[in-house]
Amino acid sequence: MEDTGEEPVRLPQLRLDELLGELQARLDAARGTRDRVHSLLEAVLSVGRGLDLEHVLRRIIESAVVLVDARYGALGVIGPDGRTLAQFLTVGLTDGEIEAIGPFPSGHGILGELIRHPEPLRIPRISEHPSSYGFPAHHPPMHSFLGVPIRVRDQVFGNLYLTEKRGGADFTDEDEAMLSTLAVAAGVAIDNARLYEQSTLRERWLRAGAEVTTGLMSSPPRAGITTLIADRAKEITGAELASFSVPLPDKSSLTVEVATGTRAEELRGLVIPSDGTLVGVALREGGPVRSRDVGDDPRMPLAPGRLAGLGPAVAVPVMSSDDVRGVLLLVRDRGRPEFSDAEIEPLLAFTGQAAVAMELAERRADTEQLALLEDHDRIARDLHDLAIQRLFATGMTLQSADRFIDHAEASERVRRAVNDLDETIKIIRSTIFGLRARETAPQHGLRTRVVQTVNEAGSALGFAPSLRMEGLLDTEVPRPVADDAVAVLGEALTNVARHAHAGTTDVAVVNDGRNLTVTVTDNGVGIPEGACRGGLRNLAERAESHGGKLRLTAPADGGTTLVWRVPLTVPPGPTEGHRQA
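Throughout what follows, the structure given in this document is the object of discussion. Quantities reported herein were computed from a predicted structural model and do not represent experimental measurements.

If you trace the backbone, His 546 turns up in the loop between α12 (534-544) and β15 (549-553). By relative accessible area, His 546 is classed as buried at 19%. Along the backbone, His 546 and Arg 565 are 19 residues apart, and their C-alpha atoms lie at a distance of 9.3 Å. The contact partners of His 546, leaving out residues within four places of it in the chain, are Pro 480, Val 481, Asp 484, Val 566 and Pro 567. For His 546, the side chain forms a polar contact with the side chain of Asp 484, separated by 2.6 Å.

Okay, here's the thing in structure tokens:
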């Protein structure tokens, strides 16, 4: 090698170390970016696996906390009003901490800032932001904040909230980008879960409608079908209480025919006026009526506290065309979400299908009744044209033959036979009349008369008595018993208004299949010593005339309870038994 006489160029050792260090840092950054991308992909896959909406929302928060290394995370679902949070799920807080903090936020302060302006929001110090209201008592300290909106088909579904990045650092641009990407995937997962939930819900409503239709076509008791309607609606909507009320003929009031669930006994048999009540408005307007809290709603005609613990409610008419056959009331626990339009829409379809099925069942029953009456007419014609004519001809023959009989005993027997034939003809004619008469149950309107009597007493009492009616009152109570029951009720309420000085009065009229019982209970001063009992004697005599009795008691907590009970089943006498035979 030729020696040029020049020294070789050498890089300083320090410069080389810097280059190697920078290369290592870039490699570490690339490795970190790769790891975070992998974490993001895992988070996206994780939130997209489930189809149950509640489970999907929980996965989104858990994945977000891990992805940006936050200590606390939450997901707030925006309510129907678009201004408040209807649901709030958290990660990082223990059950004890959640209980100590109290109610979840409704969407004010910084959380509301993200609702009003659905754009990513990153804050180094929460307390320094102008929208910060501070934290409630027992809330753990939080400093850094990162929030991003979750959109589902261009609509803001809710917001992701992350606080307190581990190590005391602030959230970075990369954290915001990662969380925004996860929010996009979360929107897709939520949309899929909601579609699946809607599909499942629609299938449940269809099955419920088919079950009601099948039940109606098998001709069960009406109460069984209305109970089925209330049960299925309660189950599918997640309600705690469901009732089915039927209107009186003049639609001035409704009777709660069926009630199931929490505090059902408070509603069952109750008579509710149409004016100014939740179910009454649904009856008159023919559309759904909502309540945020039935416990404080004046449109629920119950004493305060009877529906304590219950909250959102909706009353839906069960109607076909313009004919309202009843009103379905659904009530949820206090604190549960209100009934949304998306929930009410399939509920209306279900009640509409049930009303059509009820109408078809009635039409079929009418057709069967018509066929039965036609069959009765045919039998009546056959009896008249064939049996009676033959019996009459036989009787004439025996009468004409009687004058040829010389034996006295034989002649007497022939005359008796002729008389028996005459009686037989009378029985057959009576049977024909019964077959051709269209038997209809006597409609005495006892329910309507009771409601009118109670309403009239309200002005004298100064308040509206509560009224409960149960059983078949219009079709199974004889007219004389119904008349006396109404008279007894009017007299009892008049006595309460005149003498009891009561603040509340409860009325119950019940037919249990064996007895009709009228009960009037008040919280007044009771019956004083030496009071005139002429009116009570009249009430007792009315009961005794029907084989019943009157009982008057004074409960330990004050007031008076009057019970008027008469039997409805009377054994047939000899004449009636002979006529039936």
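The buried fraction of strand β13 (residues 505-511) amounts to five of the seven residues, a majority that puts the element mostly inside the structure. In the classification by handedness, the crossover that spans strand β12 (residues 466-470), the intervening helix α11 (residues 479-500) and the parallel β13 is left-handed. Bridge analysis of β13 against strand β14 (residues 515-522) gives seven bridges, and the strand direction is antiparallel. Across the sheet, Ala 508 pairs through a bridge with Thr 519, a residue of β14. Between β13 and β14, which pair antiparallel in sequence order, lie three residues; one of them, Gly 513, sits at a positive phi of approximately 95°.

Taken as a whole and assessed by the stated rule, the structure comprises 23 salt bridges. Residues Arg 207 and Glu 203 are paired through a salt bridge, measuring 3.1 Å at the closest nitrogen-oxygen approach. Placement of the pair is Arg 207 and Glu 203 together in helix α5 (residues 173-217), with a separation of four residues, close to one helical turn. Between Glu 211 and Arg 232 there is a salt bridge, and its shortest N-O distance comes to 2.9 Å.

Looking now at the sheet that holds strand β16 (residues 560-567). Taking strand neighbours across the sheet as the criterion, the five strands line up as β12-β13-β14-β16-β15 in an open arrangement whose pairing is mixed. Sheet topology places β12 and β15 at the edges, where each strand pairs with a single neighbour. Sheet twist, expressed as the mean angle between neighbouring strand axes with direction ignored, is 10°. Bridge count for β12 against β13 is five bridges, and the pairing is parallel. Pairing of Glu 470 across the sheet is with Val 510, part of β13. Strand contacts of α11: β13, β14 and β16, with the helix running at about 10° to β14, the strand carrying the most contacts.

This brings us to helix α4 (residues 109-116). Within α4, six of the eight residues are buried, which leaves the element mostly enclosed by the surrounding structure. All buried positions along α4 are accounted for by Gly 109, Ile 110, Leu 111, Gly 112, Leu 114 and Ile 115. On the buried face of α4, the contacting elements are β1 (70-78), β2 (85-91), β3 (121-123), β4 (145-152) and β5 (155-165).

Here is what the cut-offs are and how they apply
Residues numbered from 1 in each chain as written. Predicted model: local features only at pLDDT ≥ 70, side-chain atom pairs only at ≥ 80, totals over all residues. Heavy atoms only, no water. Helix = DSSP H or I, 4+ residues; strand = E, 2+ residues; numbered from the N terminus. Buried < 20%, exposed > 50% of the residue type's maximum accessible area, 1.4 Å probe, protein only. Contact = heavy atoms within 4.5 Å. Polar contact = N/O pair within 3.5 Å; in protein donor to acceptor, adjacent residues only side chain to side chain. Right-handed = clockwise from strand over helix to strand, strands pointing away. Pairing = 2+ DSSP bridges. Salt bridge = Lys/Arg side-chain N within 4 Å of Asp/Glu carboxyl O. Axes fitted to C-alpha atoms, helices over the stretch in contact; angles between N-to-C directions.

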